[in-house]
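One letter stands for each residue in the lines below.
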Number of protein chains: 4
Amino acid sequence: MSSHLSAQVARRSRRRDIDPAEVIAAALELFLQRGFAATRMEDVARAAGVSKGAIYLYFPTKEALFRAVVQAGVVPRIEEAEAEVANFAGSARELLSSLMHGLLLEFWDTPSSGIHKLVIADAHHFPGLAAEYFHDISLRARDVMVAIIRRGIASGEFRDVDVEYVARVILGALDQQAVLRHSMQAHDPEPLQPERFVDVTLDLIMNGLLK
Amino acid sequence: MSSHLSAQVARRSRRRDIDPAEVIAAALELFLQRGFAATRMEDVARAAGVSKGAIYLYFPTKEALFRAVVQAGVVPRIEEAEAEVANFAGSARELLSSLMHGLLLEFWDTPSSGIHKLVIADAHHFPGLAAEYFHDISLRARDVMVAIIRRGIASGEFRDVDVEYVARVILGALDQQAVLRHSMQAHDPEPLQPERFVDVTLDLIMNGLLK
Amino acid sequence: MSSHLSAQVARRSRRRDIDPAEVIAAALELFLQRGFAATRMEDVARAAGVSKGAIYLYFPTKEALFRAVVQAGVVPRIEEAEAEVANFAGSARELLSSLMHGLLLEFWDTPSSGIHKLVIADAHHFPGLAAEYFHDISLRARDVMVAIIRRGIASGEFRDVDVEYVARVILGALDQQAVLRHSMQAHDPEPLQPERFVDVTLDLIMNGLLK
Amino acid sequence: MSSHLSAQVARRSRRRDIDPAEVIAAALELFLQRGFAATRMEDVARAAGVSKGAIYLYFPTKEALFRAVVQAGVVPRIEEAEAEVANFAGSARELLSSLMHGLLLEFWDTPSSGIHKLVIADAHHFPGLAAEYFHDISLRARDVMVAIIRRGIASGEFRDVDVEYVARVILGALDQQAVLRHSMQAHDPEPLQPERFVDVTLDLIMNGLLK
DNA sequence: CATGAATGAGTTTTCATTCAT
DNA sequence: AATGAATGAAAACTCATTCAT
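As a starting point, this report considers the structure included with it. (Residues numbered from 1 in each chain as written. Chains lettered and ligands numbered in written order. Predicted model: local features only at pLDDT ≥ 70, side-chain atom pairs only at ≥ 80, totals over all residues. Heavy atoms only, no water.)

**Let's talk about the overall build of chain A**
Consideration 1: Secondary structure assignment for chain A yields 9 helices and 0 strands.
Consideration 2: For chain A, the N- to C-terminal ordering of α and β elements is α-α-α-α-α-α-α-α-α.
Consideration 3: By the compact-globule yardstick of 17 Å for 211 residues, chain A is too spread out, its C-alpha radius of gyration being 22 Å.
Consideration 4: Once the C-alpha set of chain A is aligned to its principal axes, its extents read approximately 85 × 35 × 30 Å. (Helix = DSSP H or I, 4+ residues; strand = E, 2+ residues; numbered from the N terminus. Rg over C-alpha atoms; globule rule 2.2 N^0.38 Å.)

**Digging into the interface of chain D and chain C**
Consideration 1: Every contact between the two is made by 61 residues of chain D and, on the other side, 62 residues of chain C.
Consideration 2: Here chain D and chain C share an interface that buries about 5,600 Å² over both sides, 64% of which is from carbon and sulfur atoms.
Consideration 3: Its largest share of buried area at the contact with chain C, chain D owes to Arg 159, Tyr 165 and Leu 209 of chain D, together 15% of the area lost on that side.
Consideration 4: Between chain D and chain C we count 8 salt bridges in total.
Consideration 5: For Arg 159 of chain D, the salt bridge identified is with Asp 203 of chain C, shortest N-O distance 3.4 Å.
Consideration 6: Inspection of the region where chain D meets chain C yields 28 residue pairs in polar contact (both at pLDDT 80 or more).
Consideration 7: Counting residues per element, the ones that place at least two in the side of chain D that touches chain C are helix 1 (20-34), helix 6 (115-122), helix 7 (127-154), helix 8 (163-181) and helix 9 (194-207) of chain D.
Consideration 8: Sort the elements by how many residues they give to the side of chain D that touches chain C and helix 8 of chain D lands first, with 11 residues.
Consideration 9: A per-class count over the side of chain D that touches chain C returns 30 nonpolar, 17 polar and 14 charged. (Contact = heavy atoms within 4.5 Å. Buried area = accessible area lost by both parts, 1.4 Å probe. Salt bridge = Lys/Arg side-chain N within 4 Å of Asp/Glu carboxyl O. Polar contact = N/O pair within 3.5 Å; in protein donor to acceptor, adjacent residues only side chain to side chain. Nonpolar A, V, L, I, M, F, W, Y, C, P; charged D, E, K, R; others polar.)

**Remarks on the relation of the copies chain D and chain C**
Consideration 1: The transformation that overlays chain D on chain C combines an axial shift of 0.1 Å with a rotation of 179°, and the residual RMSD is 0.3 Å. Taken together, these values place the two copies in the relation of a two-fold axis.
Consideration 2: Counting the interface residues of chain D, we find that 100% of their copies in chain C are interface residues as well, pointing to one common contact surface. (Least-squares fit on C-alpha atoms with pLDDT ≥ 70 in both.)

**Some remarks on the side chain of Arg 181 of chain D**
Consideration 1: For Arg 181 of chain D, the location among the structural elements is in helix 8.
Consideration 2: The contact partners of Arg 181 of chain D, leaving out residues within four places of it in the chain, are Trp 108, Asp 109 and Ser 113 of chain D.

**What about helix 5 (residues 92-108) of chain D?**
Consideration 1: Taking 1.5 Å of rise per residue, 17 residues should cover 24 Å, and helix 5 of chain D covers 23 Å from first to last C-alpha, within 8% of that figure.
Consideration 2: Of the surrounding secondary structure, the elements contacted by the buried residues of helix 5 of chain D are helix 4 (62-87), helix 7, helix 8 and helix 9 of chain D. (Expected span 1.5 Å × (residues − 1).)

**Here's the deal with the interface of chain A and chain B**
Consideration 1: Contacts between the two partners involve 62 residues from chain A, matched on the other side by 61 residues from chain B.
Consideration 2: Contact with chain B buries area across many residues of chain A, yet Arg 159, Tyr 165 and Leu 209 of chain A alone supply 15% of it, more than any other trio.
Consideration 3: At the surface where chain A touches chain B, the tally comes to 8 salt bridges.
Consideration 4: The partner of Arg 196 of chain A in a salt bridge is Asp 162 of chain B, with the nearest N and O atoms 2.7 Å apart.
Consideration 5: Of all elements in the fold, only helix 1 (20-34), helix 6 (115-122), helix 7 (127-154), helix 8 (163-181) and helix 9 (194-207) of chain A reach the threshold of two or more residues within the side of chain A that touches chain B.
Consideration 6: The element contributing the most residues to the side of chain A that touches chain B is helix 8 of chain A, with 12 residues.
Consideration 7: Residue classes in the side of chain A that touches chain B are distributed as 31 nonpolar, 17 polar and 14 charged.

And the structure:
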């Protein structure tokens, strides 16, 4: 207890150039693994290789950190999708296929795919966040999907369906897999094969079940 | 410890014949509104019109209460579905339509529809529960859906599709709406109309998008 | 849930002739095993084969039960000792020997030997009890011991010692063994042999260590 | 007695360099006064002038604090005794006298004298602690006493007595006074005078009662 | 009298947040 | 700026005691 007086010198090491993005990445991973409530700020700090206090230099509260995680994870994704729709030159069917393959597959193995699950699970705690997320993300995603279907109808590729609700059906199927990916996939004796899922979904949506 | 012998407690009001089902109902409602972690046992007690201690007479821990909520909410639902599939005499298409209308609509406005969301959001906390739920509920639901599709293929109604994955697509779309119902529907400028959703889903699944 | 309405008949069984002494005996055993604080009234009730409520018919509080346990366990013991001293006809040495053999050995294997330990361990909780016990029991025991030594000095058997403190020494050695009996004897590789202990104590006290 | 009430400073500011030893000291005092179960961690914190949370920085549980209290209080004491026996050059009688005076008197007015009482009273709660304490402390103390008596016999000073049991008698008398010191001495109309007690004990043990 | 379901005050422990260094 | 020791509010769970039956 008193034998290392000389070690008193050991002073706190100082880390320069803390990158908030590292904190966000660490927080996302932990929020997904253990949920928001069960993740301690200290865990985030350790995982990010940063001191507890340093987090508060960038995020005033745990809630602010959560919101940053959500923003950082989904805004780029939806922007990518919007850009692709705006620039895509091929048929509506090819566009839908490209989007689904590109997005679902691209994010399948990155933590970003779990943001949706995160918001669903923990948005209670943050009065405004659910509304904000819904408007900024969910509705934008729906708009993208609606635009694609409309394009297909306009071009004569697709039947004249209930565009709004068809968009909900397709997005629902996709989102649900992303959610399950982070909640119960570990227990599935046959974990989802994402490419196969996208292919089957496309086939079903395009051709239907009936002969 | 130190007992305050001088001050005698005010007369406690006594409730007879506490029904554990009332506690479960109250707990479900609160878990859905605020999440598992954010729901205090005292809140559940107050909502059920029962004392805090009384809850522990029936559920040894908060986790046990959670599990009871889950069991009570979903087991009857899945059993109903299995029974309907076993007894249904009509075509596969009619069976699917009946199931989707019956179950989704029946439960849409009851708290039971939120159990799925609850498990997805909070299963972290309970090592065994997610696995248990997945095996007892999710896989059973998938089996039901697979059986219906198989029946349709056998009867010549349906194309010869990838049964397992088509089941995942359909269930995903449905489940996702139930999940959203309890997480973000309040923020949707056009809240889902369940009947319309089922109709569109059936139409899409049966006929596909293509002309 | 509703299938056994006929079983409503199951009525509480009624036990007649509850003997408070059984409750006291059960309480003593449990207080010794687990301490006062760690013993639940329900445990006492079950051990005594009585309902929780019934205990309160005889003992208004847990503290009252504790006091009854102490009274029941030691008052007879000290009265026995006083009577023996009053009636004993032999030498002081024989009286001391008789008392020590009689009391220590008689109570060694009964729970009564643990009352002293109980009071020492838990008297905090009960402001008046320690004082009461000390006056009613400890000082009476000391008086008995003092009387014996005085008798020996008067008869010329014993040296003219500091009577009060010699009594404390002798009682201390005895009491300590009773206390250890109920706290740590289980861990002693050589548990105390009570007869040997009494014999050695008598020999030491009578003859001393020196040659 | 204990007069730390004067230190009731309402600390609003931060305290630096908390010394766990202060927490241990405060805990010992309170455990002795009120028993383990009746002492709230908050009491310990207040008595130590520390926040409740700070205690958990050094002691993971209340039990760990208890064990630290025991270790800190008795290990140095027994080591002192062993060292004195090893180094003492005089007669066995002088050694015994020195030890008894030195230890009993030295610790009489420090809280350390109550550790023994503490373990006896509350060891129930901690499965391993009683055994550990008994082996590490009680048996070591017995060995010390046995060594002294053996030395006296070897040198011809003492009679050839039952060494093991004589050690138990002597230690019992001493320990009991330390125990009483912390349980009932307040109620004794003639509180023990420790020097007188040691002198009388030595005289009795050396010379016996008989003429 | 006897029962045991119901009550709710009380305690340990955790962890977001602060701030002296 | 960065650190991490210190703070204290909050919540699950226990159990002495009551009282409808």
